[in-house]
Amino acid sequence: MTARAAFNSVAVPLLALVVFLAFWEWLVWFKGWPTFKMAAPSDLPPAYSRHWDLFLTMGWQTLWRTVAGLLLAVVFGTLLGMIMGFSRIMRDALYPLLVGFNAIPKATVVPIVALIFVGQHDFNTVLLAFMISFFPIAVSVSIGLSTLEPEYRDILRALGASQATIFWKIALPKTLPEFFGALKVAATLAFIGTNLMEIVSPHGRGLGALFDSGRTNSDFPLMFAVLIALAFLGIVLYYIVVALEKIFAGWAERSPG
Amino acid sequence: MQELIKIKGVRHAYQTDSGPLPVLDGLELSVPEGGFVAVVGPSGCGKSTLTRLVAGLMKPDAGEVWLHGEQVRGPRPTVGMAFQNPVLLEWRSILKNVLLPLEIVPTKLSRKQAEERARFLLALVGLEGFEDKRPSELSGGMRQRASLCRALIHQPDVLILDEPFGALDAFTREDLWMTMHQVKEREPFTGVLITHDLRESIFLADQVVVLSGRPARTQYVLDVPKAGPRTLDDLYTPQAADRLNILRHQIQIAQGRAPAEGGAS
Ligand SMILES: Nc1ncnc2c1ncn2[C@@H]1O[C@H](COP(=O)(O)OP(=O)(O)OP(=O)(O)O)[C@@H](O)[C@H]1O
Ligand SMILES: [Mg+2]
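Asks: Break down the environment of Pro101 of chain B for me, with residues and values.
Replies: In this structure, Pro101 of chain B sits in the loop between helix H2 (94-99) and helix H3 (111-124). Judged by relative accessible area, which is 4%, Pro101 of chain B ranks as buried. Dropping the residues within four chain positions of it, Pro101 of chain B is found in contact with Leu159 of chain A together with Arg150, Ile153 and His154 of chain B.

This is how it looks when you write it as structure tokens:
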């Protein structure tokens, strides 16, 4: 990357952010909205400085539970994807189930989960983050494996390689670009899962709970501050996935032009 | 001379949704050690199926496939394969791609020796200096050269080539024909080459086998005796024209566009 391109990749998003914040501030000022209708960016720093210790602890709780759910989703989704990718019968059997499960609004699952595992708040939150995010991973892995061109298999099979060897040496690495594409989606979905649990069934933990307390106290700047903090965490996790993708599947990137 | 590949009365049908599809029926083929046989035939007649049988990737319904005096019952590490699609692994360097078979088959070579051999093969096909490049940085012809090196790295007895030059332009293809001759001189192998190109078949092989339309059987065998090293000029001699005419006529018969008896049309 040239210095200019590096500058662009940092400066352009920053500039976009500044423009966005300026527009938001202007809109609130122009419309004359009071803070209980819509907070302005300038209301946020006071909200953060008042509750910075809460933001740190709650943010950390939200983050680790999201990441835990996501890791579970990676393991389970990959296994499920492998099963469906290698076996036609399992694919036919599991796909409708999976699609049906994914179609269920997860907000309706929250009370059920909360009822089944009463009081296990950490576990419930991780579970919901997991449930909402494993689907894209399973689908991408299964498609990556089932669309592997037969020649790729044959070059190793003709030498007497086992199925496991073919999987490790060819099928798995070849699926990595699709896998990371799905992981980016899954990472943001996992946040939604965590926060659903934290907001719908609040337990005094996580940014979702902070949001909820903002709601009960009519502290609107706090609510907006939580949303922005969530967006920030989402971006951080997303770019961590992007960095991992560069390391493990960087070969799939073609320089444009 | 010993027959290295021997196919006796092979019959095979694929099971499809609309019933069995007979693909091979009464196929006979034998290739002596060091021989190079080209197989031509109408599209879809079962040529790739034939290569999969020789490689032990499938078993025929009936008949026998022998390699080195042993009946083929499964894959064996003494076979090297290359396809029309070079199937290089994008996440590996060219050198690591060539070394791939040695990660599967047992080898007496040390890591260093293996790498030296890979570099030697790459230089032989004209890819010196590209060892550390990624496949995406190479042209189609160069990728096919690399795929050839991969097929040869473990010193297979049998090299199976399924239309390896089919997707290349005419000039690149002719370059690769010359490369094939150079490779065979330095790294002798017994080869089966599937091709759609009759000029390629008589230029590279010392025997051309014409398969009939599906279900394929051996329809015609043309010997192409070799007298000294071949050059591209050999393709423009009257003798070459005669051979091409014979083969063309046989293909027309195989396609059902000419009667089995009678003169060339
Ligand atoms: N796995 C399979 N299942 C069912 N039918 C198949 C399968 N593989 C090939 N066939 C059919 O068998 C026939 C022969 O296939 P094959 O690939 O051996 O032909 P080919 O001579 O190599 O063709 P081409 O010249 O186009 O490469 C074709 O009609 C093909 O549709
Ligand atoms: Mg074919």
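So, next bit.
Asks: I'd like a description of the site of ligand 1, backed by residues and values.
Replies: Residue and element names in this part refer to chain B. In the vicinity of ligand 1 there are 14 residues, among which Gly44, Lys47, Ser48, Thr49 and Arg214 approach most closely. Here an oxygen atom of ligand 1 and a side-chain polar atom of Ser43 are 3.0 Å apart. Separating an oxygen atom of ligand 1 from a side-chain N or O atom of His196 is a distance of 3.2 Å. Within the complex, the protein chains bury 63% of what would otherwise be the 630 Å² of accessible surface of ligand 1. With 3 residues, the single largest contributor to the shell around ligand 1 is helix H1 (residues 47-54).

Asks: So what about the pairing of strand E6 (residues 79-83) of chain B? Which residues, and what values?
Replies: All names here are of chain B. In terms of residue burial, E6 counts as a mostly covered element, since 5 of its 5 residues are buried. Sheet topology note: the E6/strand E7 (residues 158-162) ladder contains 5 bridges and is parallel. Considered in E7, the bridge of Ala82 is made with Leu161.

Asks: Summarise the sheet that holds strand E9 (residues 207-211) of chain B; cite the residues concerned and give the values.
Replies: Residues and elements named next belong to chain B. Read from one edge to the other, the open sheet built from 6 strands follows the order E6-E7-E8-E3-E9-E10, with strand pairing classed as mixed. Strands at the two margins of the open sheet, each flanked by one partner only, are E6 and strand E10 (218-223). Within the sheet, the average angular offset between the axes of one strand and its neighbour, ignoring direction, is 15°. As defined by bridge partners, E7 adjoins strand E8 (residues 190-194) across 5 bridges and the pair is classed as parallel.

Asks: Residues and numbers for the interface of chain A and chain B, please.
Replies: Contact residues are listed per partner, giving 17 residues for chain A and 25 residues for chain B. Both faces combined, the contact of chain A with chain B buries some 1900 Å², and carbon together with sulfur accounts for 71% of it. Contact with chain B buries area across many residues of chain A, yet Ile155, Leu159 and Trp251 of chain A alone supply 33% of it, more than any other trio. One can count 2 salt bridges joining chain A with chain B. One salt bridge in this structure joins Arg52 of chain B and Asp154 of chain A, with 2.5 Å as the shortest N-O distance. For the pair chain A and chain B, the interface holds 3 residue pairs in polar contact (both at pLDDT 80 or more). When contributions to the side of chain A that touches chain B are tallied by element, the ones reaching two or more residues are helix H7 (150-157) and helix H8 (163-200) of chain A. Per-element tally for the side of chain A that touches chain B: the top contributor is H7 of chain A, with 6 residues.

Asks: Residue-level account of unusual backbone geometry, with values.
Replies: Residues and elements named next belong to chain B. Looking along the chain, the bond that leaves Arg214 and enters Pro215 is cis, with omega of -10°. Relative to the helices and strands, Pro215 is located in the loop between E9 and E10. Phi at Val87 is positive, roughly 35°, even though this residue is not glycine. Along the chain, Val87 turns up in the loop between E6 and H2. Look at Gln155: it is not a glycine, yet its phi comes out positive at around 45°. Tracing the backbone through its elements, the reader meets Gln155 in the loop between helix H4 (140-152) and E7. Residue classification places Gln155 among the exposed residues on the basis of a relative accessible area of 54%.

Asks: Tell me about the nonpolar core, and please be specific about residues and values.
Replies: Within the largest apolar cluster, 151 residues are counted, with the highest numbers of intra-cluster contacts made by Leu207 of chain A together with Ile5, Ile7 and Ile202 of chain B. At 14 residues, the largest contribution of residues to this core is made by H8 of chain A. If near-sequence neighbours (up to four positions away) are discounted, Leu207 of chain A is found in contact with Phe55, Met58, Gly59, Thr62, Asn195, Glu198, Val226, Ala229, Leu230 and Leu233 of chain A.

Asks: Tell me about the pattern of salt bridges, and please be specific about residues and values.
Replies: If you walk through the whole model with that rule in mind, you get 17 salt bridges over all chains. In this structure, the salt-bridge partner of Glu187 of chain B is Arg117 of chain B, at a minimum N-O distance of 2.8 Å. One end of the pair, Glu187 of chain B, is in the loop between helix H5 (170-186) and E8; the other, Arg117 of chain B, is in helix H3, and 70 residues separate them in sequence. Owing to a relative accessible area of 11%, Glu187 of chain B belongs among the buried residues under this scheme. When salt bridges that share partners are traced, they join Arg65, Asp122, Glu198 and Arg205 of chain A into one network.

Thresholds, definitions, all that
- Residues numbered from 1 in each chain as written.
- Chains lettered and ligands numbered in written order.
- Predicted model: local features only at pLDDT ≥ 70, side-chain atom pairs only at ≥ 80, totals over all residues.
- Heavy atoms only, no water.
- Helix = DSSP H or I, 4+ residues; strand = E, 2+ residues; numbered from the N terminus.
- Buried < 20%, exposed > 50% of the residue type's maximum accessible area, 1.4 Å probe, protein only.
- Contact = heavy atoms within 4.5 Å.
- Near = heavy atom within 4 Å.
- Polar contact = N/O pair within 3.5 Å; in protein donor to acceptor, adjacent residues only side chain to side chain.
- Areas by Shrake-Rupley, 256 points an atom, 1.4 Å probe, with all protein chains shown as cover.
- Pairing = 2+ DSSP bridges.
- Axes fitted to C-alpha atoms, helices over the stretch in contact; angles between N-to-C directions.
- Buried area = accessible area lost by both parts, 1.4 Å probe.
- Salt bridge = Lys/Arg side-chain N within 4 Å of Asp/Glu carboxyl O.
- Core = buried A, V, L, I, M, F, W, Y, C linked by side-chain atoms within 4.5 Å.

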